[in-house]
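Fold and contact review
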2 protein chains.
Amino acid sequence: MIELRHLRYAVTVADEGHITRAAERLGIQQPPLSQQIRNLEDLVGATLFQRLPRGVALTEAGRTFVDRARIILQDVDLAVEATRRNARGEEGSLAIGFTSSAAFHPLVTTAVRSLGEISPGVRIKLEESSTSDLIEALRAQLIDVAFVRSPVEQSKGLSVSKILDEEMFVALPDSHRLVVKGARRTSPIQLSDLADESFILYRRPSGPGFYDAIIAACGRAGFSPQVKHEAPRLMSTLSLVAAGLGISIIPNSMTRLETNGIAYLPLDRRTQLVAPLHLAHRSEPSGGALKLFIEIVSRAVPELG
Amino acid sequence: MIELRHLRYAVTVADEGHITRAAERLGIQQPPLSQQIRNLEDLVGATLFQRLPRGVALTEAGRTFVDRARIILQDVDLAVEATRRNARGEEGSLAIGFTSSAAFHPLVTTAVRSLGEISPGVRIKLEESSTSDLIEALRAQLIDVAFVRSPVEQSKGLSVSKILDEEMFVALPDSHRLVVKGARRTSPIQLSDLADESFILYRRPSGPGFYDAIIAACGRAGFSPQVKHEAPRLMSTLSLVAAGLGISIIPNSMTRLETNGIAYLPLDRRTQLVAPLHLAHRSEPSGGALKLFIEIVSRAVPELG
DNA sequence: TCATGTCATATCCTGAAAGTATGCAATTAG
DNA sequence: CTAATTGCATACTTTCAGGATATGACATGA
């Protein structure tokens with residue numbers, strides 16, 4: 001069976017035109033090199049070198065072989081290098097998923113941008129979907145990593161770590177009585193302040209989300225919110241708020257949507273109503289771009305559980 | 001050091017997705033295969049397979065490696081095949097030299113045509129020159145084989161074998177007294193019949209050739225020929241003959257030149273004046289197209305010394 | 001003719017690949 | 001929930017081929 005050793009030896013002998021010198025360069029003795037060359041010639045079934053009184057010279061068949069051997073040896077090196085680059089996350093591809101509510105979080109956008117800067121060779125594919133669909137997609141190998149909102153059961157085969165808890169804000173029409181004109185920041189609002197308000201909440205068809213968390217928090221605050229409207233997406237929710245049809249509660253990062261006619265007021269932390277952001281990926285020993293991306297996210301967060 | 005064995009193993013494991021089955025296909029046991037895969041991963045410096053509860057699966061880096069490994073293994077096979085074809089004389093190149101007096105011999109043209117038919121992949125290069133220049137060219141590796149006329153000293157490093165002896169013909173103006181009109185063939189002519197003729201001979205600047213052989217044969221026949229004219233090339237010699245300025249003596253194969261005004265009459269064999277044709281090549285153990293060509297020539301000749 | 005340089009051959013040794021036995025972990029069947 | 005099954009990993013042994021050493025064969029050149 002031909003091995004790369006044979007190619008390396010043949011190339012060196014061809015370069016030196018001299019078995020003894022080639023052996024020296026290869027760090028072995030002359031007799032084993034002679035044998036290996038002979039062995040190679042037997043395997044190939046052709047004389048590759050003609051033995052001269054002083055040294056050896058390639059036959060035409062030998063030149064054919066050695067020329068190709070050089071290329072093959074180079075290809076092996078290239079293959080190893082490419083594999084290493086891939087493993088280091090310098091090349092390859094990474095499919096990143098996120099929920100619509102995570103799309104605007106600076107951590108997400110920053111991490112994606114960082115990956116692109118650190119490893120320009122990585123093809124990044126972005127996918128926006130609901131938490132449950134993202135989990136599904138992770139399982140189906142459609143995406144490699146996802147930013148999701150809680151609650152996420154620690155389902156098997158997946159590794160989910162909480163990155164941070166976002167504070168929640170009340171979104172209300174800027175004509176609302178709770179909005180102090182001219183002052184952009186006011187003191188935190190208590191959930192109980194909203195007991196008499198009409199709520200506009202968005203609920204996703206699949207799985208529990210903010211909806212249930214908000215209902216539960218209101219319950220803890222001693223009232224049951226009047227949910228006048230529901231909307232399928234966040235943007236439509238905010239539209240309804242702007243139209244003065246009620247108020248809503250959204251994570252901090254989404255207040256960046258500077259929508260006309262909407263004011264954002266911080267909720268008191270003691271309401272325990274927060275929007276956690278999780279990073280999820282298959283719990284395989286991740287390497288390559290995925291590992292790098294996880295590291296980037298970890299570094300961007302004070303601590304990652 | 002990475003060997004082809006590693007590539008073969010990795011490809012098989014990737015194909016089977018299963019180390020045990022791959023080992024079976026490779027004709028080895030599972031533990032050594034596991035070890036070799038691990039060993040390869042260490043050499044490359046990346047995890048190529050993720051171990052699953054049932055079987056193994058390629059990592060992205062692993063796919064990069066295996067994809068390239070397949071190509072490399074194929075390239076090795078192709079290299080071996082190409083080398084064999086070259087050694088068998090199915091590919092490669094062959095530079096063939098011949099003297100001008102051999103150019104018209106059917107053996108030469110037939111052999112060259114046969115090579116082209118048997119091995120269309122061989123690039124054939126033809127070179128016409130004098131015997132001594134051809135010998136020179138053989139030494140300088142400019143040509144690989146040559147058809148030459150005698151005498152050729154059995155010089156070192158070269159192998160020269162006589163292919164055949166061509167009978168000689170007398171070329172004379174068709175108005176000559178010796179030419180029997182209407183009869184194309186006459187009984188052989190004796191050299192002594194030509195004792196009173198004017199000879200036109202061609203002599204090459206380098207080395208002895210027919211010139212001396214003819215003079216010597218005439219001497220044996222009991223006369224010294226009157227060399228009225230000399231010409232540098234055969235064609236000009238024949239022109240002088242056609243012009244009626246004298247006669248000449250040429251090898252059989254050259255009588256194919258149906259020149260107007262010239263008649264060719266066979267010389268009696270007993271004159272011992274013949275034109276030997278030799279095949280010369282470097283006495284290296286010849287392989288490839290050269291070996292094939294020598295075989296073709298040998299086969300075309302009753303026996304080759 | 002003798003010294004020199006070079007490849008080939010013969011023999012021994014070593015190391016690495018392959019074999020054997022078994023352990024460990026996870027899945028699946030009962 | 002336990003037991004059986006499956007499949008990779010680990011530990012240890014064996015074998016064989018690649019490498020080392022010594023020497024031979026052969027041609028060259030002084």
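One numbering rule holds for all chains: residues counted from 1, following each sequence as written. Ligands are numbered from 1 and chains lettered from A, in the order in which they are written. Reporting of local features is limited, given that this is a predicted model, to residues whose pLDDT is at least 70; pairs of side-chain atoms are given and counted only at 80 or more, and all residues count toward the totals for whole chains, interfaces and linings. Hydrogens are left out, water is left out, and the side-chain values use all remaining heavy atoms of the structure.

**What to know about the packing of aromatic side chains**
Residues and elements named next belong to chain A. Only rings of Phe, Tyr and Trp enter the pairing, Trp through its six-membered ring, and a pair is recorded when the two centres are within 6.5 Å. The plane angle decides the type: under 30 degrees is stacked, over 60 is edge-to-face, the rest tilted. Inspection of every chain in the model, using the stated rule, returns four aromatic pairs over all chains. Centre to centre, the rings of Phe-147 and Phe-293 are 6.0 Å apart; their planes meet at 80°, and the pair counts as edge-to-face. Of this pair, Phe-147 sits in strand β5 (residues 145–149) while Phe-293 is found in helix α9 (residues 288–300), placing the two residues 146 residues apart along the sequence. Runs of E in the DSSP output that reach at least two residues are strands. Runs of H or I that reach at least four are helices, and both are numbered from the N terminus.

**Here's the deal with the side chain of A:Ser198**
Residues and elements named next belong to chain A. When you line up the elements, Ser-198 lands in strand β7 (residues 198–202). Polar contact is the term for a pair of N or O atoms within 3.5 Å; when the atoms are in protein, one must be able to donate a hydrogen and the other to accept it, and sequence-neighboring residues count only if both atoms are side-chain atoms. One polar contact links Ser-198 to Lys-228, side chain to side chain, over a distance of 3.4 Å. Every residue in contact with Ser-198, bar those within four places of it in the chain, is listed here: Gln-226, Lys-228, Leu-245, Gly-246 and Ile-247. Here a residue-residue contact requires only that any non-hydrogen atoms of the pair lie within 4.5 Å.

**Remarks on the domain arrangement of chain A**
Residues and elements named next belong to chain A. Start and end points for every domain follow an automatic or database-based domain assignment. Considered domain by domain, chain A is made up of domain 1 (4–88), domain 2 (91–163 + 276–300) and domain 3 (167–273). Computed from C-alpha atoms alone, the centre-to-centre distance between domain 1 and domain 2 is 47 Å. Between domain 1 and domain 2, the contact holds five residues from the first and six residues from the second. By buried area we mean how much accessible surface two parts lose on assembly, using a 1.4 Å probe and totalling the loss over both. Taken over both partners, the interface formed by domain 1 and domain 2 buries close to 370 Å², and the fraction arising from carbon and sulfur atoms is 36%. The three residues of domain 1 that bury the most area against domain 2 are Arg-85, Asn-86 and Arg-88, which together make up 80% of that side's buried surface. A carboxyl oxygen of Asp or Glu within 4 Å of a side-chain nitrogen of Lys or Arg is what we treat as a salt bridge. Across the domain 1-domain 2 interface, the total number found is one salt bridge.

**Describing the protein's contact with DNA strand D**
Whether a residue is near a molecule or strand depends on its heavy atoms: it is near if one of them lies within 4 Å of it. Taken together, the neighbourhood of DNA strand D is formed by 22 residues, with A:Tyr9, A:Gln29, B:Ile19, B:Thr20 and B:Arg51 sitting nearest. For DNA strand D, the backbone portion of the atoms within 4 Å of the protein, that is sugar and phosphate, comes to 73%. Between a phosphate oxygen of DNA strand D and a side-chain N or O atom of B:His18, the distance comes to 3.0 Å. One of the side-chain N or O atoms of B:Gln30 is found 2.9 Å from a base nitrogen in DNA strand D.

**Points about the nonpolar core**
By size, the foremost hydrophobic cluster in this structure holds 55 residues, and its most contacted members are A:Phe49, A:Phe65 and B:Phe65. Beyond its immediate sequence surroundings of up to four residues, B:Phe65 is in contact with A:Ala79, A:Val80, A:Thr83, B:Leu7, B:Ala10, B:Leu40, B:Val44 and B:Leu48. Here the nonpolar core consists of buried residues drawn from Ala, Val, Leu, Ile, Met, Phe, Trp, Tyr and Cys, with membership extended through side-chain atoms lying within 4.5 Å. Only protein chains enter the accessibility calculation, which uses a 1.4 Å probe. A residue is then buried if its area is under 20% of the maximum for its type, exposed if over 50%, and partly exposed in between. Core analysis: the next-biggest nonpolar cluster, separate from the first, contains 35 residues, A:Val170, A:Leu172, A:Val179 and A:Leu257 among them.

**Describing the pattern of salt bridges**
Residue and element names in this part refer to chain A. What the rule picks out here adds up to 29 salt bridges over all chains. Note that Glu-81 and Arg-84 form a salt bridge whose closest N and O atoms lie 3.2 Å from each other. Taken as a pair, Glu-81 and Arg-84 lie in helix α4 (residues 60–88) at a separation of three residues, close to a single helical turn. Judged by relative accessible area, Arg-84 falls into the partly exposed class, the value being 26%. Asp-165 is paired through a salt bridge with Lys-162; the nearest N and O atoms lie 3.1 Å apart.

**A look at the interface of chain A and chain B**
Counting residues at the interface gives 30 residues for chain A, matched by 30 residues for chain B. For the pair chain A and chain B, the interface holds two salt bridges. Note that B:Arg8 is salt-bridged to A:Glu3, the shortest N-O span being 3.0 Å. Counting across the chain A and chain B interface gives 20 residue pairs in polar contact (both at pLDDT 80 or more). Put simply, the parts of the chain that give the side of chain A that touches chain B at least two residues each are α1 (4–16), α3 (30–44), α4 and β3 (91–98) of chain A. Per element, the largest residue contribution to the side of chain A that touches chain B is 16 residues, and it comes from α4(A). Residues belonging to the side of chain A that touches chain B are distributed by class as follows: 16 nonpolar, six polar and eight charged. All residues other than Ala, Val, Leu, Ile, Met, Phe, Trp, Tyr, Cys, Pro, Asp, Glu, Lys and Arg, Gly among them, are scored as polar; the first ten of these are nonpolar and the last four charged.

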